[in-house]
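Chain residues, written in single-letter form:
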Amino acid sequence: MQLLDGKLLSENIKAEIAAEVENIRQKGGKIPHLAAVLVGENPASQVYVNSKIKSCEQVGFKSTLIQRNADVTEAELLEIVQGLNNDPDVDGFIVQLPLPKHISEEKITLAIDHRKDVDGFHPVNFGRMAQGMPAFLPATPFGIMEMLRRYNIETAGKHCVVLGRSNIVGTPMSLLLSRKGYPGDCTVTLTHSRTRDLPAEVRRADIVVAAIGIPQFVKGDWVKEGAVVVDVGINRIPDATKKSGTRLVGDVDFDEVAPKCSHITPVPGGVGLMTVTALLMNTLKACRKEIYS
Ligand code: NAD
């Protein structure tokens, strides 16, 4: 069993991006600039946004953090989005989800200029991705694709079972893996809460991508010998042996599943770090106008 080491990989990719930024700087070019909008006090969102800002600093990007209290109005937030759309110095920006209930996430997502949508959530980017056109790919699936590519995981003709059909992970993952080219050319089964006999579906998989949000859900006897397992889940469970009283686990029961795999991502240290790195890759693409001129 080999670990798909998201920490090592993201450090390597960040070093490549930092070298590129240095190159841009020496030539007097424009330094990539990512802005992040954080609303409210959700602790997980604060951790994610802080890690995105810190990663920008690590690679030499410019970053801007815009914070608002949870009682910000939808109109005020839309104004912030318009401001970022119109700011020529901002190459890309994200509005961290989830948003408070009184704000429509759909309205906010649609208001973001798709040319600056480095989270890849705008329907223009999603549609272009689905048709195999150049697009900002959603950060988590993009990070997973990069991971499969850099570890030379064979995908052509493989049967991939994706667990979860969210717009940000499961559904785009199923599209990307079924697309022509590498990594891709998989035969994909997309499973969800209404799937019958999920263990039987997973047992057929050469590649498993688990993104459901239930701690340690995928068990050892669900997984075929030699399968590649990508665990997207980030779940906090009680653990009396830890000082904090909790620890992070994925959607896969790592101890049971790892011995059966050819490759598996750990949690933490797997997909989560690649997600942040993918956001940096998208921001660099935005700055270079690689997707949209
Ligand atoms: P979500 O909550 O939007 O959707 C969950 C999906 O799981 C749904 O499509 C649902 O049909 C499916 N599901 C729920 N119960 C199921 C069951 N019993 N059997 C089969 N399918 C079931 O999910 P999301 O936003 O994609 O997040 C999934 C997990 O991934 C969460 O733990 C989240 O924290 C994590 N996540 C991690 C990253 C990262 O960077 N590593 C990024 C996004 C999400």
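Attention here is on the structure that accompanies the text. (Residues numbered from 1 in each chain as written. Predicted model: local features only at pLDDT ≥ 70, side-chain atom pairs only at ≥ 80, totals over all residues. Heavy atoms only, no water.)

### Digging into the environment of Ile214
So, point 1. Here Ile214 is to be found in the loop between strand E7 (207–210) and strand E8 (227–231).
So, point 2. Put simply, Ile214 and Glu76 are 138 residues apart on the chain and 35 Å apart in space, counted from C-alpha to C-alpha.
So, point 3. Discounting residues that sit within four places of it in the chain, Ile214 has contacts with Asn235, Gly250 and Asp251. (Helix = DSSP H or I, 4+ residues; strand = E, 2+ residues; numbered from the N terminus. Contact = heavy atoms within 4.5 Å.)

### Brief notes about the state of the cysteines
So, point 1. Considering all chains together, one arrives at zero disulfides under this definition.
So, point 2. Lacking any disulfide linkage, Cys56 is separated from the closest cysteine sulfur, that of Cys287, by 12 Å.
So, point 3. We classify Cys56 as buried; its relative accessible area is 0%.
So, point 4. Free of any disulfide, Cys261 has its nearest neighbouring cysteine sulfur in Cys160, separated by 13 Å. (Disulfide = S-S within 2.5 Å. Buried < 20%, exposed > 50% of the residue type's maximum accessible area, 1.4 Å probe, protein only.)

### Overview of the nonpolar core
So, point 1. Ile17, Phe61, Ile144, Leu177, Val209 and Val232 are the most contacted members of the largest nonpolar core, which totals 52 residues.
So, point 2. It is helix H10 (residues 271–287) that provides the largest number of residues to this core, a total of eight residues.
So, point 3. Counting contributing residues, this core receives three or more from each of domain 1 (30–113) and domain 2 (139–272).
So, point 4. Aside from chain neighbours lying at most four places away, what touches Phe61 is Ile17, Val21, Ile31, Pro32, Cys56, Leu280, Thr283 and Leu284. (Core = buried A, V, L, I, M, F, W, Y, C linked by side-chain atoms within 4.5 Å. Domains from an automatic or database assignment.)

### Observations concerning the side chain of Lys52
So, point 1. Note that Lys52 resides in helix H2 (residues 43–59).
So, point 2. The charged side chain of Lys52 is buried without a salt bridge, its nearest counter-charge being Asp119 at 5.0 Å.
So, point 3. Setting aside its immediate chain neighbours within four residues, Lys52 contacts Ile94, Gln96, Val276 and Leu279. (Lys, Arg positive; Asp, Glu negative; His and termini not counted. Salt bridge = Lys/Arg side-chain N within 4 Å of Asp/Glu carboxyl O.)

### So, the sheet that holds E8
So, point 1. A sheet is described by the order of its strands in space; here six strands give the open sequence E1-E11-E8-E7-E5-E6, paired in parallel fashion. Both outer strands of the open sheet, strand E1 (2–3) and strand E6 (187–191), are each paired with one neighbouring strand and no more.
So, point 2. Of the pairings in the sheet, the one linking strand E5 (residues 159–163) to E7 comprises four bridges and is parallel in character. Bridging across to E7, Cys160 finds its partner in Ile207.
So, point 3. Strand contacts of helix H7 (residues 170–178): E5, E6 and E7, with the helix running at about 170 degrees to E6, the strand carrying the most contacts. (Pairing = 2+ DSSP bridges. Axes fitted to C-alpha atoms, helices over the stretch in contact; angles between N-to-C directions.)

### Some thoughts on unusual backbone geometry
Negative phi characterises most residues that are not glycine, and trans characterises most peptide bonds.
So, point 1. The amide bond that connects Leu97 to the next residue, Pro98, takes the cis arrangement and shows omega of 0 degrees.
So, point 2. As for its position among the elements, Pro98 is in the loop between strand E4 (92–95) and helix H4 (105–111).
So, point 3. Residue Pro183 is bonded to the preceding Tyr182 through a cis peptide linkage, with omega at -10 degrees.
So, point 4. Here Asn152, not a glycine, exhibits a phi torsion of approximately 50 degrees, which is positive.
So, point 5. For Asn152, the position within the fold is in the loop between helix H6 (139–150) and E5.
So, point 6. Exposure remark for Asn152: the relative accessible area of 64% places this residue in the exposed category.

### Digging into the pattern of salt bridges
So, point 1. This structure, assessed with the given rule, holds 17 salt bridges.
So, point 2. Across the pair Arg25 and Glu22 runs a salt bridge whose closest N-O atoms are separated by 3.7 Å. Here Arg25 pairs with Glu22, and both are found in helix H1 (residues 6–26), just three residues apart, close to one helical turn.
So, point 3. Among the residues examined, Arg25 registers a relative accessible area of 44% and is labelled partly exposed.
So, point 4. We classify Glu22 as partly exposed; its relative accessible area is 36%.
So, point 5. Lys219 serves as the salt-bridge partner of Asp253, at 3.2 Å between the closest nitrogen and oxygen. You can see Asp253 sitting in the loop between strand E10 (246–249) and helix H9 (254–257) and its partner Lys219 sitting in the loop between E7 and E8, a full 34 residues away along the chain.
So, point 6. When its relative accessible area of 12% is taken as the criterion, Asp253 is described as buried.
So, point 7. On the basis of relative accessibility, which here comes to 28%, the residue Lys219 falls in the partly exposed class.
So, point 8. The network of salt bridges with common partners includes Glu16, Glu146, Arg149 and Arg150.

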